[in-house]
Every structure is written in C-alpha cells, then in structure tokens.
Amino acid sequence: MKMLFKVSLLLLLAGQASASTLSELRADARSLITDAHSTRERFSDSELNAWINEGQKVVDVKTLCNYKSTVFPLVSGTTYYSLPSDFIYIRRVTRDALSIQEMTPAGLDGRSAEWENQSGLPTYYFLNFSSRTKIGFAPFPNATSDLATIKVEYISQSTALTNDTDVPFNAISEFLPFNYILTYYGAYKASIVDERYDKAKVFLDSFNVMSDLMKVRCVERINYLPSAIGKQ
Amino acid sequence: MKRLIIALALWPSVCFGQNLSQDEKEYNYPPFRNCGLVTRWASNAIPPECLQTANNVYFDEDLSVYRRRGYGEYNATPCTDEKAIKGMWNYNAVDGQRYIVLFSSQSFFWTKNQGDCNPIVGLDNLNASAEYECVQTLGQLWCVNGIDVPFSTTVSTFTLQPNIPMGTKIGTFRNRVMVADISGEPSRIRLSGEGDGTDWTLKIPGVSTSPSSISISGLENGKKVIALMGQYQNAYHIGLEDELWALSGNDRRDFVLRQISSQIGVKDSRSVREKDNCLVWLSNRGIERRCGTTTERASDPVRTIIDGVIRSAGNTRSKTYDTQAEWETGLYQTQLPNQGPTSTTIYPGSVVPSTWGHVNTEASDWNNGTLINIDSTTIDGSILIGKSTTTSRLFADFSYGVLTSTWTQTSISPFGGCSIVSNSAKCTYSIGIFANIDNGEFYGVYDTTISWTTPGVSFSASNAVIRDFTITSNSYGPIYSLKNGYSYSFSSVGTSAGISKFKNGSSLGQTSCSNTGLSYSSPIYARLVINKSGIISYFINNTLVCSMTDTEYSSAPYFGVGIGYGGGVDTISFDNIKFPEYSNSSNWVSPVFDTYLSTPIGGPYYFDEYVPVGSTVTYQVRESSTTTLPTWSDWVNVSTTTSGEFRVPLIKRYWQEKISLETSYSTQTPVVNMTYLEATTTGYYIGDCINSSGITSWGNFRPNSILTGGSNISYAINGGSSCNQVTRSTATWITQNANAPIATSTSNYLGVRVFETPVTTTDTLRLDGLTVEWNEGSERPPVASAVYRDRYYMFYTTNTAAGSVNDKAVVLDMNNIWSTIDDVYAYSAVIYDNQLYTGDSRDTGHMHLQDIGIDDDGSSFSFHIKTSDYDFGNPVEKKKLKRVYLMLKSEEVTGQNIDINVKYSINGSTTQYTLNSVDLNEAVETGYFVAKFPAINEQASTFNWINFDISYDGTQGPINLYGIKAIYSPIRME
C-alpha cells in the first residue's frame with residue numbers, strides 16, 4: 001500500500017518538466033531501494049547506470065518516440081549502405097527528396113529473380129535481415145544518372161548515459177518529464193537482485209505505466225484534429 | 001524539487017530503514033565482553049561472542065568494545081644517554097615523598113610527578129646490559145643486578161651493600177631483604193637479618209632475627225630461582241623454571257619452605273603481578289592465575305600469542321663450578337712460572353691458593369729442632385730456658401749451706417722456736433728465710449708443702465711462690481731480723497694483705513692491698529716481684545693485688561719468706577723451697593721446612609708465649625731455594641708483641657725458624673708454648689672446557705669469590721672450536737671482568753683461567769663458585785607487566801633479532817577477558833599516582849604516561865576486531881549476506897574524522913571484502929547511532945561461515961562499538 005502511494009504521487013508529478021541527470025536518476029533509484037548512503041552502497045554506480053541505460057533502451061523500443069535522420073549519397077556500384085549505430089526502425093526514406101518505398105527482399109524476388117543484378121535509379125529500399133545495420137537499394141545505382149542523395153528517417157535508440165550529467169532520451173525536452181521513469185527500472189532490477197520481488201513488482205508497474213504514457217504522449221498532437229484519422 | 005518530493009515520498013523507507021524481507025534473517029552478536037580475544041581454537045569453532053582479533057580494545061571500559069586511549073611523553077627532557085628505560089620502581093620515602101626510581105643506560109634516576117628525570121648522584125657507571133631488580137623495604141630501595149655491587153638508596157643518598165650476596169633477584173619478606181639466583185647457588189635464597197638489610201652473616205645457632213639461607217633444590221640439579229614473586233596470602237612465593245615454592249613463617253625459627261607445584265614455574269620474573277587478589281605470571285605453559293590455593297592457566301584463549309612469547313624467551317644455559325668434584329675437572333695441580341697450583345681440598349667446594357703451614361706445639365716438634373740451653377721437658381709441649389743445675393737454689397731441710405754470691409742466706413737456721421725435724425722446718429713460733437737479690441722475682445717454690453696443725457698461725461712470705469698449703473689462722477708475724485728489705489704478708493682467711501718495708505728489722509709500715517677475697521683453705525699461688533724501677537708487685541693467683549714503689553733498697557734488698565705463729569705453741573713445717581736459676585740465653589732452631597711452594601707468600605707468624613719482665617723471646621726465619629746446597633738467607637726477625645702481627649717475609653721454598661729466649665733474672669724464664677708459620681702462593685687454575693654448542697650469544701661471567709685485604713683474583717677466557725684448544729695454557733687468553741658480559745665472540749667451547757693472588761695468608765681468598773652463562777637460541781628482551789584498572793598488562797615482543805624491543809602487550813581485563821595492544825613500547829612499567837607509566841623500550845630515554853589522549857604521542861594506532869567465522873547456527877547452509885549494522889557512539893569532538901572500516905571474509909578465507917566505512921560524525925545527533933553496511937552486490941556474499949573485520953587506524957577517538965547485527969538470507973543446504 002505504501003508503495004502504491006509513492007507511485008501515485010510520482011504519477012502526479014509526471015508533468016513536471018525538468019531534466020534528470022544520470023546521477024540524479026541513480027540517487028533516486030538508491031532511495032527507492034534504501035541504498036542511499038554516500039559511502040556504503042549495496043549496488044555500485046556502474047550497476048545502477050547499466051540498469052538505467054537498460055531501462056532507457058526498453059523505453060526506446062517500447063515507445064518508438066525517438067526519431068532521427070541520416071543523409072548519405074549513393075555510390076555507383078554499391079547496393080548496401082551502413083545505418084547509424086542507434087538505428088532501430090526505418091520510418092521514411094527519400095531519394096533526392098522523393099519518398100521511396102520499402103520492399104522486402106522476398107517482395108523483390110517476386111518481382112524479378114535477378115533484381116540484385118539490376119542497376120538503375122533506385123526505386124526501393126530494403127533491409128537485409130541478416131545484416132540489420134545495412135540499408136540496400138534496388139536497383140542498385142551504377143550509372144552516373146543513377147546517383148542521388150538518400151535521406152533516412154529512423155527510430156533511434158537514445159544515446160547511452162555514461163556521464164553523471166547525461167540526460168536520458170538524448171535530452172529531448174519533450175521527454176524530460178519522463179526521465180525519472182528510468183529510476184523505477186533501476187530500482188526494479190536492484191530489487192530483483194535482492195529478491196525483494198514485492199518491491200520489484202511495484203517498481204516495474206510504475207515503469208510500465210509511465211512508459212506507456214510516454215508512448216502516447218510522444219506522438220500526440222494536441223492541435224492536430226483531423227476529422228478523420230488514418231493509419232500513421 | 002522533484003527529487004525532494006521523491007525523497008519525501010520515500011521518507012518512510014529512508015527514515016525507518018529496511019524491514020526484513022520474507023526470507024531474511026537477522027543475528028545479533030552477543031556482547032564480546034563475554035569472551036574477548038580467542039586465538040587458540042579454530043575461528044569457526046569459537047562462540048560468536050569471541051573474537052579472532054581484538055587489538056587496542058578494551059571490553060571492560062564501558063561495556064562496549066572500546067578503543068584504548070593513547071599515551072603521552074612524560075619527561076620532555078629525556079633521561080641522560082637517551083637509552084631504554086629498563087627499570088621503574090616505586091619508592092615511598094619515609095618522609096612521605098613518593099618517587100619513581102628509574103634505571104636507564106648505566107644510571108639510576110628519579111622523578112616525582114614533575115615530568116623530569118633526575119640522576120641519583122653516585123649511581124652511575126653501572127652495567128648497562130644486566131637487568132636490575134629493586135624492592136622497597138626498611139625505608140630504602142634495595143637493588144641488585146647480579147653484577148654490580150648491590151646497593152640501597154633513599155634517592156637522595158645511596159649505600160653500597162657489599163654484604164648482600166651477588167644475586168639477580170631481590171625481594172622482601174618479614175622485614176628482611178631477600179636475594180636469590182646467587183652466583184654459584186642458583187637455587188638458594190638468602191635473607192638478611194630481620195630489620196637489617198646489611199646483616200648477611202649467617203650465625204649458628206643464631207637467633208630469631210638472624211639472617212637465613214635456604215636451599216630450595218640443592219645446588220646440582222640444574223634448577224634456578226627465576227623469580228622472587230612476592231608475598232601472597234601470607235607466604236612468599238618463589239618461582240623456579242618449573243616449580244613453585246612458598247616460604248612462610250615469621251622469623252628464622254619457623255621459616256618453612258613448601259612446594260606448591262612441581263610442574264608450574266616462572267618463565268619471566270618481570271611478569272609476576274597480583275591482580276584482583278590473584279597472582280598472575282608467565283610460566284612455561286602460559287600465563288598462570290593463582291587464586292587462593294588453585295593455579296589455573298588463564299591464557300588458553302590466547303595460547304598462540306603466549307606460546308610465542310614463551311618460545312622467544314630463548315634458553316639461558318650455564319655451567320657452574322661450585323663443588324669439589326666440579327672444580328677438580330679442571331687443572332688445579334699444575335703451575336706456571338710465577339703461578340702456583342690451587343687447591344680444591346683446603347676449602348672443599350672452593351678453589352683457593354695452595355698453602356703450607358707448620359705448628360710447633362708438641363714436645364716432638366721442639367725436639368726435632370736444635371735445642372741450645374732449651375728445656376723442652378719441664379713444661380710439656382713448651383720450651384723454656386734450661387736451668388743450670390749448678391746455680392739452682394733448693395732450700396731443702398733448711399740445711400742447704402752457703403749460697404752462691406747471687407744468693408745469700410741470711411737466716412736459715414731455725415729460730416723463734418723452729419727446728420729442723422725430719423727434713424722439714426718445724427716451728428712453734430715462726431720461721432723465715434731472707435735472701436737478697438739484685439732485681440728479680442722470687443717464685444717457683446715447687447713441690448713445697450707447708451702445713452700446720454694449730455689454728456692461729458699466720459704465714460708471711462717474701463719472694464716466693466707458695467702453694468699447696470692451708471692457712472687457718474689470721475695472726476701475723478713477719479720474720480725479719482735487723483735486715484733492710486721488703487716482705488709481703490697476708491693474713492689468714494684472706495681478708496687483708498700487704499707489702500711491708502722493713503729497716504733494720506723493723507717494719508716501716510705496710511701498704512695495704514685490696515681484699516684478696518681468698519680463703520686460704522685453698523691453695524694459692526703467691527708471687528712478689530721487684531724490678532729495677534723499684535716497683536714491687538704482689539700477685540695472688542696471677543692477679544695483681546697491690547704494688548708499692550720504693551727505690552731505697554735498689555741493690556740487694558732482703559726479702560723474707562717465712563711463716564709465723566701468732567701465739568701458742570704448735571708446729572708449722574715446710575720444705576723444698578726452690579729458687580731456680582736459669583741461663584741468660586738459649587735458642588731453638590727448627591728443622592728445615594719444605595713449603596712445597598715455589599713462590600710462597602709468607603703468612604703471619606703466630607706464637608704463644610710467656611715472657612716475664614726482664615725476659616725476651618726473639619723469633620726469626622730464613623729461607624733458601626734448595627736443600628741440596630742450601631744458601632740460607634740471613635735470619636729475619638718476625639717478632640712483635642702481638643702474635644700473628646708479623647708477616648713472614650720469605651719467598652723461597654725452604655724455610656727455617658729460630659727462637660731465642662733470654663732472661664735477665666736467673667729465677668725466671670720465658671716460655672714458648674707454640675709457634676705457627678704458614679705460606680701460601682698465587683693460584684693458577686684452568687677449568688675444564690665449557691661446551692657451549694648451540695650458543696647464540698654469551699651471557700654473564702659470574703664468579704662468586706670472597707676477597708679480603710689486598711687479595712685479588714683475575715680471570716681470562718678464550719673461545720674456540722675444541723676443548724683442547726681452549727684449555728691450553730698457551731691459548732690466547734682474554735681478560736675477563738668478573739660479573740660482566742663474557743667478552744669474546746660466540747664459540748662452541750670456552751676456556752676459563754683463574755689467577756689467584758693473595759697478599760698474605762690471612763687475607764681470605766676463595767673462589768667459591770663460578771657460573772658461565774650463555775644463550776641457546778635467539779632471545780627476546782624481558783617482558784614487563786603492570787596491573788592497572790584491574791587489568792593485567794604484559795608488554796612483550798616475540799622478535800628475537802638484535803635490537804628488538806617490546807612493542808606489544810596482552811591484556812587480561814577485569815573480567816579476565818583477553819585483548820592485545822600494539823604500538824606500545826614498554827621495557828618497564830609502574831603504577832604511580834593511580835596512573836600507568838611505562839619506560840620506553842626504544843633508545844629514547846622517555847617515560848610514557850599511558851591511558852591518556854587519543855593517540856600514541858602523536859602517532860596513530862589501530863582499533864581492530866575481527867569476529868569469529870560464524871555459521872549462524874547452520875554450517876551446511878549457504879547463506880547470502882545482505883547487510884550489517886553497527887551500534888556505535890558518535891564522535892565526541894566535533895570535526896573529527898573517524899572512519900571505521902568494515903570488511904568481511906567468507907568461509908575462513910583470507911580474502912576480505914569491504915563493506916566500506918562509517919564516519920562517527922554521521923550521527924544526526926551526538927550520541928548513539930546505527931550504521932548500516934549493505935553487502936555490496938558486486939562482491940561475493942554467499943557463505944557458510946562469515947566474519948566481520950572492523951578497524952580504524954588513526955589518531956582520533958574514542959570509539960565505542962556496542963553491537964553488531966547481521967542480516968542474511970538462507971539460500972539452500974549444501
């Protein structure tokens with residue numbers, strides 16, 4: 001009951017928009033697990049840092065709120081191009097500002113058995129699942145006329161928190177009110193280690209509630225009120 | 001702001017800590033004061049209230065685990081020479097002043113609560129390596145070290161006490177000074193006279209207050225008094241290596257020595273203290289505690305520590321020569337040039353210079369010599385001037401006839417009614433003899449019988465010795481007729497006597513003599529002597545009863561002798577009055593005496609003689625180196641008026657003696673009854689070799705000798721690898737001082753040479769014992785001990801390296817619980833003014849006042865405990881440490897930074913895991929607080945057994961640890 005009271009109180013505070021640094025998140029996590037002493041700590045900073053970063057990744061993949069883009073030129077004779085290391089999902093690709101569509105390798109196979117040998121101006125992009133770090137184009141550029149500038153918009157993974165002053169979710173102001181939810185993830189993991197499963201459940205529940213809310217909030221457009229809403 | 005609110009939201013957790021989760025268990029360690037330090041047994045087998053480590057902590061200070069206080073420098077200016085303070089003793093002067101007396105370097109010092117170190121004038125240049133023992137009694141502090149001359153001191157003065165036996169242990173019992181470990185008598189105790197520490201002369205039979213000498217275990221059993229432990233429960237306890245004895249009784253008449261134990265002894269004399277009415281000391285089996293009549297080993301819990309102290313004590317070995325058999329294992333009958341042999345039989349048990357002596361006291365002694373005009377038969381065993389048969393005077397039958405010119409018979413014919421009847425003069429009135437002599441003495445009326453049968457007869461005699469007669473009358477009637485001279489008379493019953501001068505036969509009066517007190521019913525020996533100075537002396541039974549001086553008749557006076565009858569008619573008779581006449585001179589020359597000493601030293605010349613006035617006896621000696629062709633020296637006089645006063649000045653082997661007797665009076669002779677002359681020589685002795693194999697260092701060279709006059713014994717030693725090498729007279733001998741460290745490098749064998757140099761034979765020169773000490777195995781310094789605040793402290797080191805010093809202590813607290821102390825340097829300790837003072841074991845010359853402050857004279861020291869390897873009741877169960885709580889007291893001084901580190905080890909491993917530290921300033925309020933130490937998740941924390949190590953090393957304090965709580969969760973059974 002006491003824990004529910006705490007979590008409820010925290011929910012009420014969700015709208016408070018102030019950045020939480022890694023050290024603050026860590027300290028808050030220690031408070032939750034009664035490990036808040038300057039010199040005598042059950043869990044090390046590195047442990048808590050790892051758990052907080054783990055929580056950030058969970059939030060990233062759960063909410064898909066973190067957008068980023070990357071631009072690179074096509075190179076004659078090159079099918080595959082590296083994606084950023086923080087890449088999670090591709091959201092949109094343009095070739096010289098024109099959107100091109102994704103087609104899976106299987107779909108391309110259906111269109112032509114020799115699509116991988118066909119060159120020309122790229123009209124599709126695909127992700128090779130054997131190498132998710134690469135984006136491929138079909139047909140592949142070969143002639144000078146095939147070359148263009150590619151822009152990839154993608155769902156990114158937030159930058160890992162390494163310094164005590166680092167702020168979660170790439171310090172995006174929109175997400176600042178949700179920074180603190182990482183505290184619960186860290187406390188949740190510590191409680192699991194301590195076999196304090198009752199506490200762990202409370203912390204995980206709090207984390208899930210707030211991350212769910214973040215997922216909703218990050219795509220919510222208050223002033224965008226179309227009469228009909230299509231699929232995003 | 002948000003974080004603040006989060007904190008507020010979590011306030012209950014922060015404020016009230018953690019409750020136990022469902023699977024967590026808690027364990028509160030029992031108070032460690034119930035067990036304390038235990039190092040002997042397995043760390044996982046000892047109870048949880050016991051500690052594997054308890055260093056610089058007390059359990060009896062305030063019922064916490066308490067960091068000891070520190071110490072401070074007492075004397076800002078170090079004692080002279082800045083050496084270790086090797087001894088500290090209390091001395092309470094008779095005027096009420098209380099002192100600490102110190103020994104450091106080579107000197108004694110005193111201090112009196114002023115933080116100084118004042119020398120005791122005169123007590124310097126003492127042996128620096130020996131250990132002094134002192135005891136207060138009889139108003140002074142008495143000290144011995146077995147090497148220097150014992151002394152007593154009042155701080156302001158000191159007195160050497162050469163009569164105290166040279167022992168290393170000292171105590172006091174029943175107002176006596178007691179000494180033990182005496183050189184040559186290691187298992188004997190000696191006690192001074194009662195109330196007199198200077199009286200050590202043994203008296204037989206003695207009285208109650210006489211000095212005592214008590215042998216505990218004889219001399220030759222390898223036993224030695226290690227400690228005069230002190231008086232405990234009305235008996236004085238004495239510790240040998242493996243025996244304990246108690247001396248009880250009140251005085252010499254009833255001193256009783258009882259053995260308390262034949263197994264438990266004393267290892268270190270300086271470990272003995274009385275604590276809480278129990279005697280505590282270090283023995284060969286640990287630290288003992290004797291309460292009442294029960295002795296138990298108190299150090300079992302810390303046996304590993306104490307064993308180290310015992311083993312590092314080394315083994316002091318010794319070889320002692322103090323019996324005839326032991327001395328005779330050496331060379332004593334040989335001699336070197338100018339060094340004669342020694343004797344082991346003249347004074348059994350001692351080595352003394354050989355002596356020779358000869359006494360003339362039997363007739364045969366005299367008759368063996370050359371007698372010239374010597375009479376050796378008249379007095380048996382004596383010599384006197386021989387009588388000349390032609391000049392001796394014998395008044396027999398009163399018809400002797402005309403005397404020689406020397407003697408003139410003036411009236412020998414019977415007169416006054418006397419007549420010669422049957423060879424006796426028989427008188428009915430009186431009888432007398434008058435003779436004149438130029439100076440001399442009338443005496444020697446031998447074998448004369450004077451008797452009378454009628455009462456009322458008096459006797460008057462002059463110049464004669466009368467004996468064997470009886471007087472029963474008191475009438476008086478001197479016999480003289482118109483003569484000038486003197487007579488003496490006495491009346492019967494002996495009530496009066498006198499000397500009379502008469503002229504022309506008439507008495508001029510009588511000089512009264514003192515009451516003779518004689519009853520003439522007994523024989524008397526009367527004598528009248530006149531000399532050339534006109535002194536007339538009257539003796540009865542050799543006692544001068546009166547004298548008179550008169551020179552008128554200095555030449556040829558008449559002396560009368562006679563008996564008179566006071567009235568009536570009766571018969572008086574006497575006969576055989578002899579007036580012997582001796583030759584003017586005579587002499588006796590002894591046979592040649594062989595002293596058997598190549599370099600003799602003449603002793604005193606003793607004689608027993610009778611030399612009357614006018615006689616002389618002259619004694620002379622002479623010497624020669626050989627008898628084959630003797631070349632005798634001139635005769636040398638050895639005469640004085642006092643027997644034994646003159647020393648025989650001869651230095652050659654053969655002696656001869658001459659006695660010359662002379663007299664100026666033909667009626668007298670000197671008599672020599674006895675002469676005795678003796679010689680001694682320098683003594684040369686080499687002991688059998690001392691096998692010191694295994695030696696690590698030499699100890700002291702401790703002879704026990706008695707020397708008087710100018711006599712001297714010098715010692716030399718040499719070390720080597722074989723017996724033969726070190727016992728040769730040609731070895732390279734090194735001078736060795738008595739009662740001093742042996743001055744040679746360590747070696748497997750040691751030779752000892754002794755030169756004994758008497759000055760005369762009357763000076764005592766005895767080497768009664770000799771002890772050579774060496775150490776086998778390395779040796780730590782001696783321990784020191786004190787009882788302070790009901791705690792027994794024993795300061796020690798187990799380091800046996802050269803220069804090692806005491807730097808640790810074990811503490812047996814008021815509850816008889818052990819802990820240790822380190823970083824404390826104490827060679828000596830004393831309680832003064834209810835505080836503990838220690839003498840620095842390092843070469844600083846400083847004393848330290850203990851149990852003050854929070855640091856050790858500015859230096860840090862540690863606080864350290866380590867719990868047992870505890871299994872929380874189930875050793876086969878795996879457990880996971882969650883957290884630990886310490887119950888503490890916050891810092892007393894604001895601004896301190898006392899970080900107490902907590903670590904743990906798992907399953908007896910030496911690997912330690914930290915739980916970090918707590919600063920005593922963490923308390924929200926000054927006072928008591930709880931510090932939580934979570935188990936660090938990244939460290940190993942699963943255990944079957946676990947111990948906690950809690951420590952602080954710094955210069956701050958105090959630290960009070962009141963308890964430990966451990967939280968763990970069981971995991972599974974193995």
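My aim in this report is to walk through the structure given alongside it, one point at a time. (Residues numbered from 1 in each chain as written. Chains lettered and ligands numbered in written order. Predicted model: local features only at pLDDT ≥ 70, side-chain atom pairs only at ≥ 80, totals over all residues. Heavy atoms only, no water.)

### Some thoughts on helix α2 (residues 22-32) of chain A
Residues and elements named next belong to chain A. Applicable threshold: Type-normalised accessible area, obtained with a 1.4 Å probe on protein chains alone, sets the label of each residue: buried when under 20%, exposed when over 50%, and partly exposed for intermediate values. Helix numbers and strand numbers start at the N terminus; a helix is a DSSP run of H or I with at least 4 residues, a strand a run of E with at least 2.
In terms of burial, α2 is largely enclosed, as 8 of its 11 residues are buried. Among all positions of α2, only Leu22, Leu25, Arg26, Asp28, Ala29, Arg30, Ser31 and Leu32 are buried. The first or second residue beyond α2 is threonine 34, which carries a positive phi of 55 degrees.

### A look at the state of the cysteines
Note the threshold: When the sulfur atoms of two cysteines come within 2.5 Å, that pair is taken as a disulfide.
Following the criterion strictly, the structure yields 6 disulfides over all chains and no others. Cysteine 65 of chain A shares a disulfide with cysteine 218 of chain A; S-S distance 1.9 Å. The sign of the -75 degrees torsion about the S-S bond sets the cysteine 65 of chain A-cysteine 218 of chain A disulfide as left-handed. With cysteine 65 of chain A in the loop between α3 (45-63) and β1 (67-73) and cysteine 218 of chain A in helix α6 (residues 197-219), the pair connects residues that are 153 residues apart, well separated along the chain. As far as burial versus exposure is concerned, cysteine 65 of chain A and cysteine 218 of chain A are alike and both buried. In this model cysteine 689 of chain B forms its disulfide with cysteine 723 of chain B; the gap between the sulfur atoms is 1.6 Å. A residue pair is termed long-range when its members are at least 10 positions apart, and cysteine 689 of chain B in the loop between β58 (683-686) and β59 (690-691) and cysteine 723 of chain B in helix α6 (residues 723-727) qualify at 34 residues. According to the relative accessible area criterion, cysteine 689 of chain B is buried, its value standing at 12%.

### Structural notes on the packing of α2 of chain A against helix α5 (residues 181-193) of chain A
When two helices pack together, their arrangement is captured by the angle between the axes and the distance separating the axes. All names here are of chain A. Applicable threshold: In this analysis an axis means a line fitted to C-alpha atoms, helices contributing only their contacting stretch, and an angle means the value between N-to-C directions, from 0 to 180 degrees. Should an angle fall under 35 degrees it is taken as roughly parallel, and over 145 as roughly antiparallel, whereas 65 to 115 is taken as roughly perpendicular and any remaining angle as oblique. Crossing handedness is defined as follows: a turn of the near helix away from the far one that is anticlockwise and smaller than a right angle gives a left-handed crossing, while the clockwise case is right-handed. Here, two residues are considered to be in contact whenever any of their heavy atoms come within 4.5 Å of each other. All amino acids are sorted into three groups, where Ala, Val, Leu, Ile, Met, Phe, Trp, Tyr, Cys and Pro are nonpolar, Asp, Glu, Lys and Arg are charged, and the leftover types, Gly among them, are polar.
Following both chains from N to C, one finds α2 and α5 inclined at 50 degrees, their axes separated by 8 Å at the closest point. Accordingly, the angle class assigned to the pair α2 and α5 is oblique. In this structure, α2 crosses over α5, and the sense of that crossing is right-handed. Contacts between α2 and α5 involve Leu25, Asp28, Ala29 and Leu32 from the first element and Leu182, Thr183, Tyr184 and Ala187 from the second. In the contact of α2 with α5, the residues fall into 6 nonpolar, 1 polar and 1 charged.

### Looking at the pairing of strand β28 (residues 340-343) of chain B
It is a general feature of regular strands that their side chains alternate between the two faces of the sheet. Residues and elements named next belong to chain B. What counts is decided by this rule: Paired strands are those between which DSSP finds at least two bridges.
As judged from the 2 bridges shared by β28 and β58, these two strands associate in the parallel manner. In the sheet register, glycine 340 faces β58, and the bridge partner there is glycine 683. Judged from the 2 bridges that link them, β28 and strand β29 (residues 352-353) form a sheet pairing that is antiparallel. Within the sheet, the bridge partner assigned to serine 343 lies in β29 and is valine 352.

### A short note on the sheet that holds β1 of chain A
All names here are of chain A. In spatial order, the strands read β1-β7-β3-β4-β5-β6-β2; together these 7 strands make up an open sheet with mixed pairing. For this open sheet the edge positions go to β1 and β2 (80-82), each flanked by a neighbour on one side alone. Neighbour-to-neighbour, the strand axes of the sheet open up by a mean angle of 35 degrees, direction not taken into account. Examined bridge by bridge, strand β3 (residues 87-95) and strand β4 (residues 98-102) share 3 bridges and lie antiparallel to one another.

### Structural notes on the sheet that holds strand β25 (residues 286-291) of chain B
All names here are of chain B. Strand order in the open sheet made by the 4 strands is β23-β24-β25-β26, with antiparallel pairing throughout. The sheet terminates laterally at β23 (273-275) and β26 (294-297), the two strands that pair on one side only. Strand-to-strand twist of the sheet, defined as the mean angle between neighbouring strand axes without regard to direction, takes the value 30 degrees. Alignment of strand β24 (residues 278-283) against β25, held across 6 bridges, turns out to be antiparallel. Bridged to leucine 279 within β25 is arginine 290. Across the face of the sheet, helix α3 (residues 303-311) comes into contact with β24 and β25 while running at roughly 60 degrees to β24.

### Here's the deal with the layout of surface pockets
Residues and elements named next belong to chain B. We apply this condition: A cavity here means a set of 1 Å grid points, computed over protein atoms only, where a 1.4 Å probe fits but cannot escape. A pocket is an open set with protein on both sides within 12 Å along at least 5 of 7 lines, and lining residues have an atom within 4 Å of a point. Grid points are joined across faces, edges and corners, and a volume is the space filled by probe spheres set on the points.
In this structure, the second largest pocket spans a volume of roughly 990 Å³. Trp89, Cys134, Met229, Val272 and Arg273 are the residues nearest the centre of the second largest pocket, which is lined by 34 residues in total. Per-element tally for the lining of the second largest pocket: the top contributor is strand β7 (residues 85-92), with 5 residues.

### Some remarks on the pattern of salt bridges
The line we're drawing: Here, a salt bridge means any Lys or Arg side-chain nitrogen found within 4 Å of an Asp or Glu carboxyl oxygen.
Counting across every chain of the model gives 47 salt bridges over all chains. The salt bridge partner of glutamate 26 of chain B is lysine 965 of chain B, with a shortest N-O separation of 2.4 Å. Placement of the pair is glutamate 26 of chain B in strand β1 (residues 25-28) and lysine 965 of chain B in strand β80 (residues 960-973), with a sequence separation of 939 residues. Judged by relative accessible area, which is 41%, glutamate 26 of chain B ranks as partly exposed. When the shortest N-O distance is used, the salt bridge between aspartate 768 of chain B and arginine 766 of chain B registers 2.9 Å. In terms of burial, aspartate 768 of chain B and arginine 766 of chain B fall into one category: buried. The network of salt bridges with shared partners includes Arg26, Arg30, Asp35, Glu41, Asp45 and Asp164 of chain A.

### Brief notes about α3 of chain A
All names here are of chain A. Condition: Given the number of residues in a helix, its expected span is that number minus one, multiplied by 1.5 Å.
Between its terminal C-alpha atoms α3 stretches 26 Å, which fits the 27 Å expected from 19 residues at 1.5 Å a residue. The elements touched by buried residues of α3 are α2, β3, β7 (149-156), α5 and α6. Taken from the residues just after α3, leucine 64 is the one with a positive phi, measuring 50 degrees.

### Considering the environment of aspartate 81 of chain B
Residues and elements named next belong to chain B. Here aspartate 81 shows up in the loop between β6 (71-73) and β7. Residue aspartate 81 is classed as partly exposed on the basis of its relative accessible area, which comes to 45%. For the pair formed by aspartate 81 and serine 107, sequence separation is 26 residues and the distance between their alpha carbons is 9.3 Å.

### Looking at the packing of aromatic side chains
We apply this condition: A pair of aromatic rings is counted whenever rings of Phe, Tyr or Trp (Trp by its six-membered ring) have centres within 6.5 Å, and the orientation is called stacked for planes under 30 degrees apart, edge-to-face for over 60 and tilted otherwise. A ring has a charge above it when a Lys NZ or an Arg CZ is no more than 6 Å from the ring centre and no more than 35 degrees off the ring normal.
For the structure on display, the rule yields 52 aromatic pairs over all chains. Between phenylalanine 169 of chain A and phenylalanine 175 of chain A the ring centres are 6.1 Å apart and the planes differ by 80 degrees, which places this aromatic pair in the edge-to-face class. On the accessibility criterion, phenylalanine 169 of chain A (1% relative accessible area) is buried. Taken together, a centroid distance of 5.5 Å and an interplanar angle of 20 degrees make the contact between tyrosine 321 of chain B and tryptophan 327 of chain B stacked. Each member of the pair, tyrosine 321 of chain B together with tryptophan 327 of chain B, is buried. Among the aromatic residues, those joined into a cluster by ring pairs are Tyr27, Tyr29, Phe32, Tyr870, Phe872, Phe943, Phe948 and Tyr968 of chain B. The side chain of arginine 766 of chain B reaches across the aromatic face of tyrosine 347 of chain B, ending 3.8 Å from its centre.

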